[in-house]
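Overview (structure and organization)
The lines below spell out each chain.
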Amino acid sequence: MGEPSWVQHSLWWHVYPLGFLGADTTGVDRRPGGGAAGVGARLRGDSGQEDLPRDDVPRDESPRDAMPRDHTLRDLIPWLDYLTELGLNGLALGPIFAGETHGYDTVDYFRIDERLGTDDDFDALVAGCRERGVRLMLDGVFNHVGRSYPDREELQSDSVFEGHESLVELDHGRPEVAQLVTRVMDHWLSRGADAWRLDAAYAVPPAFWRSVLPAIRERHPQVYVVGEILHGDYAELVRASGMDACTQYELWKATWSALNDRNFFELEWGLRRNDEMLATMVPWTFLGNHDVTRIASQLVDERLLPLALVLLLTLPGTPAVYYGDEQGFRGVKEERAGGDDEIRPAFPATPADLSPLGWPVYRLMQELIGLRRRHSWVHRARVETVHLTNEQFVYVVAAHEDPGVPGVPGDLGGQDGPGDHGDLGEQDGPGNQNGPGDVERRLLVALNAGEEPVDVPLTRVGAGGPAGAGNVGGDRDGEVGPREEGGSSDQGVAGGRLRRIAGSAELIPADGAPNAVVRMPGYGWGVFEVGGR
């Protein structure tokens, strides 16, 4: 069973609510916003957390208040307009059910954590999402529970989760556990959720999900289910479990590692793996989440950040933006008690209270999200390498005709109508509707991770298809030659006319005629539409 059709048009804002709303994640103060006074100070720039886009700019010392102590899920509603103005249309929430500390230690799956408010606050948030056409995803922590979970002896196994004594694993071989998870998922979908993230899905036997998800889909046929999977055969785990998708940690790691090491060969290899997965599922792609160091801190040079954003929004997948990354927030995850605090900060009451220093990153991401919205077919497009060196990467994303896989090419019929969830407004224009055998939906993306400007001739090299002059063989010094394997096919840019639609790279000649040269400044990038041949 393929993912629901609306998912192709979804782009998500991922929020950790206990942090965002300033709750006390030690669990001592159970009041809403009980931890805001300490955490919120970081938004003012008067603590050690680096939440600014640059290290060398003055910190914002304005006396902005942190979240008031009574902030609840209802207080996410003003941020829904911020989300939609950015261009996103999905809100993925971290844990909201009653838990002991950080929320991944559930004690009651049917009750909103009192630090986040009440059922009424949840209902208000659902209504706010509905009014704006925003889909809502909840985080299901179904591998383990907190120590104080009632009647856990009837459900638990004899083990704890990854050495954490406070997290008792459930026994997924017991039918009572499957019944519980089915009830929980059904309950909150009936209350207004649209999707589930399955926490630590990799630790749960795939057969368990196979026993739960069919009943959920029967009652909620449009539900979208994403599993957290770190390692292994992603496509096979998704197929065996019956989930729609999983987290793409391989591509996350390859993105920042390739940029830091100036080794685009690592990324290109990862994209081959990603391309293979698309026959089975479209993965959940991201640059950050509640468990990892923020991308602005992960990168060794801030000038690489725009390239990372370009990759997220021009590569196939279902993109998610972790709250604060759109403002260039910094934060380092540490392996210690409280080591997640920097990457799970409180936000102020309104977007107007954010530091002005992050808005340039926001506007760049807004531009790239708009580009993705206008080319929603990228969701399941295939990637073809045109030019590859250590520091430069030029690739084409193309909608290939594949009758055996829903959504390829694009599957752009049946888009959500006005007012429906997922209606993004800007749909692909006339002339872009592709039928069987039509491979005219193509974008060319050019990235330069080096300090020096570079010209990349888009010439046809050998019989393998289009390739850029300059080291497609693996040497940094610009040796020309076709790729030995995994090279571009003849579905690339040969015979197509290019038109720049974003970025600082230029076409020489400017009319984008075939065999043009892409001129990129240092740390520059460009996105080009490829016309018909």
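Residues numbered from 1 in each chain as written. Predicted model: local features only at pLDDT ≥ 70, side-chain atom pairs only at ≥ 80, totals over all residues. Heavy atoms only, no water.

Another aspect to go through is the overall build of the protein chain. The number of helices and strands found in the protein chain is twelve helices and 22 strands. In the protein chain, buried positions account for 60% of the 533 residues. Pairs at least 24 apart in sequence give 73% of the contacts found in the protein chain among residues at least 6 apart. When the accessible surface of the protein chain is summed, it comes to about 19,700 Å², and 49% of that surface belongs to carbon and sulfur atoms. (Helix = DSSP H or I, 4+ residues; strand = E, 2+ residues; numbered from the N terminus. Buried < 20%, exposed > 50% of the residue type's maximum accessible area, 1.4 Å probe, protein only. Contact = heavy atoms within 4.5 Å. Areas by Shrake-Rupley, 256 points an atom, 1.4 Å probe, with all protein chains shown as cover.)

Turning next to the pairing of strand S10 (residues 224–227). Side chains Tyr-224 and Val-226 project from S10 onto one buried face, and the interleaved Val-225 and Gly-227 project onto a second face that is buried too. In the sheet, strand S9 (residues 195–198) pairs with S10 via four bridges, with the strands oriented parallel. Bridge pairing in S10 links Ala-195 to Tyr-224. Assessed by its sense of winding, the connection that carries the chain from S9 through helix H6 (residues 206–219) to S10 is right-handed. Across two bridges, S10 lies against strand S11 (residues 245–246) in parallel orientation. By the bridge assignment, Gly-227 is partnered in S11 with Cys-246. Read from S10 through helix H7 (residues 234–241) to S11, the crossover connection turns out right-handed. (Pairing = 2+ DSSP bridges. Right-handed = clockwise from strand over helix to strand, strands pointing away.)

Turning our eyes to something else, we now look at helix H3 (residues 77–86). Among all positions of H3, only Ile-77, Trp-79, Leu-80, Tyr-82, Leu-83 and Leu-86 are buried. Remark: Gly-87 follows H3 within two positions and exhibits a positive phi of approximately 110°.

Attention now goes to the sheet that holds strand S2 (residues 90–93). One open sheet accounts for eight strands, arranged S11-S10-S9-S5-S2-S1-S13-S12; its pairing is parallel. Either end of the sheet is taken by a strand with one partner, and the two such strands are S11 and strand S12 (284–286). Each of strand S5 (135–140) and S9 touches helix H5 (residues 175–190); the most contacted strand, S9, lies at about 145° to it. (Axes fitted to C-alpha atoms, helices over the stretch in contact; angles between N-to-C directions.)

Spatially, three strands are ordered S6-S8-S7 in an open sheet, and the strand pairing comes out antiparallel. The strands lining the two open edges of the sheet, one partner per strand, are strand S6 (144–146) and strand S7 (156–161). When strand polarity is set aside, the average angle formed by the axes of neighbouring strands in this sheet is 45°. With three bridges connecting them, S6 and strand S8 (residues 164–170) associate as antiparallel partners. The residue of S8 that forms the bridge with Val-145 is Val-168.

It is worth spelling out helix H4 (residues 119–132) at this point. Two residues of an α-helix separated by three or four positions point the same way, owing to the 3.6 residues in each turn. When the terminal C-alpha atoms of H4 are compared, their 20 Å separation across 14 residues agrees well with the 20 Å that a helix rising 1.5 Å per residue should span. Residues of H4 that are buried: Asp-121, Phe-122, Ala-124, Leu-125, Val-126, Gly-128 and Cys-129. Close packing links the buried residues of H4 with H3, S2, strand S4 (106–112), S5 and H5. Residue Thr-118 occupies the N-cap position of H4, its side-chain oxygen lying 3.2 Å from the main-chain nitrogen of Asp-120. A positive backbone phi angle near 70° is found at Gly-133, which sits one or two residues after H4. (Expected span 1.5 Å × (residues − 1). Polar contact = N/O pair within 3.5 Å; in protein donor to acceptor, adjacent residues only side chain to side chain.)

With that out of the way, let us pick up the packing of helix H11 (residues 305–314) against helix H12 (residues 359–374). The contact between H11 and H12 brings their axes to 9 Å, and the two run at 25°. For the element pair H11 / H12, the angle class is roughly parallel. Read as a crossing pair, H11 and H12 show a hand that is right-handed. Listed contacts from H12 to Leu-305, Pro-306, Leu-309, Val-310, Leu-312, Leu-313 and Thr-314 of H11 are Val-361, Leu-364, Met-365, Leu-368, Ile-369 and Arg-372. Here the residues of the contact of H11 with H12 sort into eleven nonpolar, one polar and one charged. (Parallel < 35°, antiparallel > 145°, perpendicular 65-115°, else oblique. Left-handed = near helix turned anticlockwise from the far one by under 90°. Nonpolar A, V, L, I, M, F, W, Y, C, P; charged D, E, K, R; others polar.)

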